Amino acid sequence: MAIEHVEFHATTNFTFLEGASHPEEYVSQAGKLGYKAIGIADRVSLAGVVRAHRTAKEEGKTRLLVGSELVTDDGTILLAYPSNKRGYGKLSQLITAARRKAIKGQFHLERSMLAMIAEDVEVILVGWAHNRDQMAGLMQWGQAHWGKHFHLAIGPTGLGNDHDRMAHDAACGRAYGVGLVASNHCLMHSPERQAMADLLQAMRSCKSLAELGANRQRHGQAHLKELHEREHCFAPYQDALTHAAKLAQSITFDLSELTYHYPDPSGSLTRSPQEELAARTHEALARRQPNNKRLQAMVAHELEIIAELDFAPYFLTVHDIVRFARARDILCQGRGSAANSVVCYL
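Engineer: Go over the overall build of the chain with me, naming the residues and quoting the values.
Structural biologist: Along the backbone of the chain there are 13 helices and seven strands. The principal-axis extent of the C-alpha atoms belonging to the chain is close to 85 × 45 × 40 Å. Put simply, the chain has 346 residues, and 46% of those count as buried. Of all intrachain contacts in the chain linking residues separated by at least 6 positions in sequence, the fraction that spans at least 24 positions is 76%. Of the roughly 18100 Å² of accessible surface on the chain, a fraction of 53% belongs to carbon and sulfur atoms. Side chains of the chain carry 38 positive and 38 negative charges; the gap between the two charge centres is 5 Å.

Here you go:
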């Protein structure tokens, strides 16, 4: 049975001075290479996912997984992927809270704040980013907070000790019953972008390209790999490939689920917005035109349309503004389509 390949750790140029590729390029490249899904995870941000979503829908070759890389104040690095719309809301609130605690462009994320995503979010620990002696404690911590929704990413680092480090992390994850996720942290969609990745690293480090030396070699591996390369790299860790595919399938959230919803005023009402609007309209009609059958029919027709479009909250907001103005002798009048609406007139 063919393996469905998924990459969960793609850093775009929305992670300033680190990602060397646009979100759209990752999605297109993943589709060309045959990836089943691609996860966009910028640092404490969701900025790149909209462009990636648009490309994924237009091309239809690979599925987008919406996520974020979370870095806590103590250096713990996690990938967070909302499994549903509720989880997306919680992750958004966490990112907002972390950004508001710091000056523009920075963030302040304490471990305790991760309680905000305790449910409806799949959390992946980036194994290679931590010291080996930290791993056991992190496994216990992650399981205590997320249980079966906590996972461990293993993959090459490009630092010369890949086989040894991957074996260590895989053994640690298996010992604690944590699902392994095959991942090659991508800073670019294609190896052709390595020169840009090197330049960004030099700027970030305030060094010349020559001064980077051997540190530039990491970028040689930090791209979306051909599928046969991934299968070779993770040959001893087939469970990491299959678990990554299953994890992607379990994440059902799609940005298409997000639609605009007008603020619901029902908290200040004793009935639904539509019922409140109908009551106010009929009250005004009875007061101003009590026996006008034609207007009664028009009101009934307009209320049906308003209910169908779910516009009652908007009408109530406008009515509240008008009442406020009239109570203070402030002149107000209807314009545009309001001039041809009985509900607006009343």
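Engineer: Summarise the sheet that holds strand β1 (residues 6–10); cite the residues concerned and give the values.
Structural biologist: Judged by pairing direction, the sheet is mixed, and its seven strands sit side by side in the order β1-β2-β3-β4-β5-β6-β7 without closing on themselves. Taken across any chain shown, the strands that pair with only one partner, and hence form the sheet edges, are β1 and β7 (179–182). Across the sheet, the axes of successive neighbouring strands diverge by a mean angle of 30°, strand direction being ignored. Across five bridges, strand β4 (residues 77–82) lies against strand β5 (residues 121–126) in antiparallel orientation. Each residue of the ladder has a partner; that of Leu79, found in β5, is Ile124.

Engineer: Before we move on, can you summarise the pairing of strand β6 (residues 150–154) with the specific residues and values?
Structural biologist: Extensive coverage of β6 is indicated by the burial of five of its five residues. Neither face of β6 is left uncovered, since the one carrying Phe150, Leu152 and Ile154 and the one carrying His151 and Ala153 both have all their residues buried. Pairing analysis gives four bridges linking β5 to β6, with the strands arranged parallel. Residue pairing across strands places Ile124 opposite His151, the latter belonging to β6. Read from β5 through helix α4 (residues 135–146) to β6, the crossover connection turns out right-handed. For the crossover from β6 across helix α5 (residues 162–175) to β7, the handedness is right-handed.

The rules behind each value
Residues numbered from 1 in each chain as written. Predicted model: local features only at pLDDT ≥ 70, side-chain atom pairs only at ≥ 80, totals over all residues. Heavy atoms only, no water. Helix = DSSP H or I, 4+ residues; strand = E, 2+ residues; numbered from the N terminus. Buried < 20%, exposed > 50% of the residue type's maximum accessible area, 1.4 Å probe, protein only. Contact = heavy atoms within 4.5 Å. Areas by Shrake-Rupley, 256 points an atom, 1.4 Å probe, with all protein chains shown as cover. Lys, Arg positive; Asp, Glu negative; His and termini not counted. Charge placed at Lys NZ, Arg CZ, Asp CG, Glu CD. Pairing = 2+ DSSP bridges. Axes fitted to C-alpha atoms, helices over the stretch in contact; angles between N-to-C directions. Right-handed = clockwise from strand over helix to strand, strands pointing away.

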